[in-house]
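One-letter residues, chain by chain:
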Amino acid sequence: MEFATFILAAQRGYHQSCESVIRNSIEQAVVSEQAGFDTAWFAEHHFNNYSLIPSPLMMVAHCAGVTSTIRLGTAVCVLPLYQPQRLLSEIGFADIVANGRLELGVGSGYQQFEFERFGVNIDEAPAVFSEYLDILQKGLNQNIFEHDGQYGNIPPTAISVRTVQKPTPPIWIAAGTARLGRAYREGHNLFVTAFHNGLETLRVLREAIEKAAAAEGKNVTDAKISLLRCCYASDDEAEINSYLDNARFQRRLSEALHQRRQQSLDGYLLKETPTQQDLSFATMRRNLPIGSVNRVVDRLLEEIDILKPNQIAIQTQLGDFDQKTMLRQIELWGDKIIPAVNKSLAHQGG
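The chain is annotated in an unreviewed UniProt entry as LLM class flavin-dependent oxidoreductase of Mesorhizobium album.

Given below as structure tokens:
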């Protein structure tokens, strides 16, 4: 089983500087490598405090210089907000400076507020995503490519800065149900989440993935699956509650971004407001791999048995959770949780 850290770079309030959030995120990536994680993923968002990373490829390029073995991923590049022909060169550059460690995650986006400020119609996002992914694949696979489509017309063009990984870095799709089939059809991987829900949501997700693979005449194992999950191991109740509080904060902002239409008066900071979708801390603890080390290991094994992912990506940089405590948490996963999970899986396989 592969393990990854998903680094959102969230900011809970102006008591955290932008600089401290970004530097903490970079430090978490470095410590993730030291702890033995396989991948560090970086998000992309704009004009809000849900995430302060405007370009995951810039984070990949920087972290490439302070790490040496961990793979570095975009989770995700929001394709409709890019010029794909420029993005192709940036993908090549990032993979070069990372010595072939780039994992390329792509998605269509969902925030109307963001799209309006880039002059992109969010109603067309799925179609733009589909066409831009076509362009990326042409540019990555062909020495000279051209494109004549609804959203882009590119005359014969050659990309000069090309990826180290041939023919392309691994491509991951943020997998809404409509895109599961494309991933299997074209040989991409899947990035999925069950948010703060429990085992039943994972069962439904697994069924959807199996149906999509079967519909394309593929084996379900033809695509790698990464599960984004909130996880935390501790015997300290205050630590656990702080992590849960920040996880719920993050979810509240995610839901608010679906509805956001206007600029807030004080800048980019979104107000955190309770919603009907809020879960109690007790429910979140039941639903998620959270609690003692043994509880987290046992719950992860349950979830792995149901969803059968290839990778677990744990959420680290949430809200204003204490940085030193989170770094110790990452180290704990490397020391105890990852070895215990893999030992159990090896025993089951044997």
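Caption draft 1: The arrangement of the sheet that holds strand S2 (residues 39-42) in detail. The parallel closed barrel is built from eight strands, whose spatial order is S1-S2-S3-S4-S7-S8-S9-S12. When the angles between neighbouring strand axes are averaged without regard to direction, this sheet yields 25°. Examined bridge by bridge, strand S8 (residues 189-193) and strand S9 (residues 225-229) share four bridges and lie parallel to one another. The partner of Thr193 across the bridge, within S9, is Leu228. Together, strand S7 (171-174) and S8 form the strand contacts of helix H6 (residues 177-186), whose direction differs from that of S8 by roughly 155°.

Caption draft 2: Inspection of the pattern of salt bridges at higher detail. As enumerated under the stated definition, the model contains 19 salt bridges in all. A salt bridge links Glu90 to Arg86, with the shortest nitrogen-to-oxygen separation between them at 3.0 Å. Of this pair, Glu90 and Arg86 both sit in helix H3 (residues 84-97), separated by four residues, roughly a single helical turn. Residue Glu90 is classed as partly exposed on the basis of its relative accessible area of 28%. The partner of Arg182 in a salt bridge is Glu186, and the shortest N-O contact between them spans 2.9 Å. Linking Arg182 with Glu186, this pair stays in helix H6, spanning four residues, or about one helical turn. On the basis of relative accessibility, which here comes to 7%, the residue Arg182 falls in the buried class.

Calculation rules
- Residues numbered from 1 in each chain as written.
- Predicted model: local features only at pLDDT ≥ 70, side-chain atom pairs only at ≥ 80, totals over all residues.
- Heavy atoms only, no water.
- Pairing = 2+ DSSP bridges.
- Helix = DSSP H or I, 4+ residues; strand = E, 2+ residues; numbered from the N terminus.
- Axes fitted to C-alpha atoms, helices over the stretch in contact; angles between N-to-C directions.
- Contact = heavy atoms within 4.5 Å.
- Salt bridge = Lys/Arg side-chain N within 4 Å of Asp/Glu carboxyl O.
- Buried < 20%, exposed > 50% of the residue type's maximum accessible area, 1.4 Å probe, protein only.

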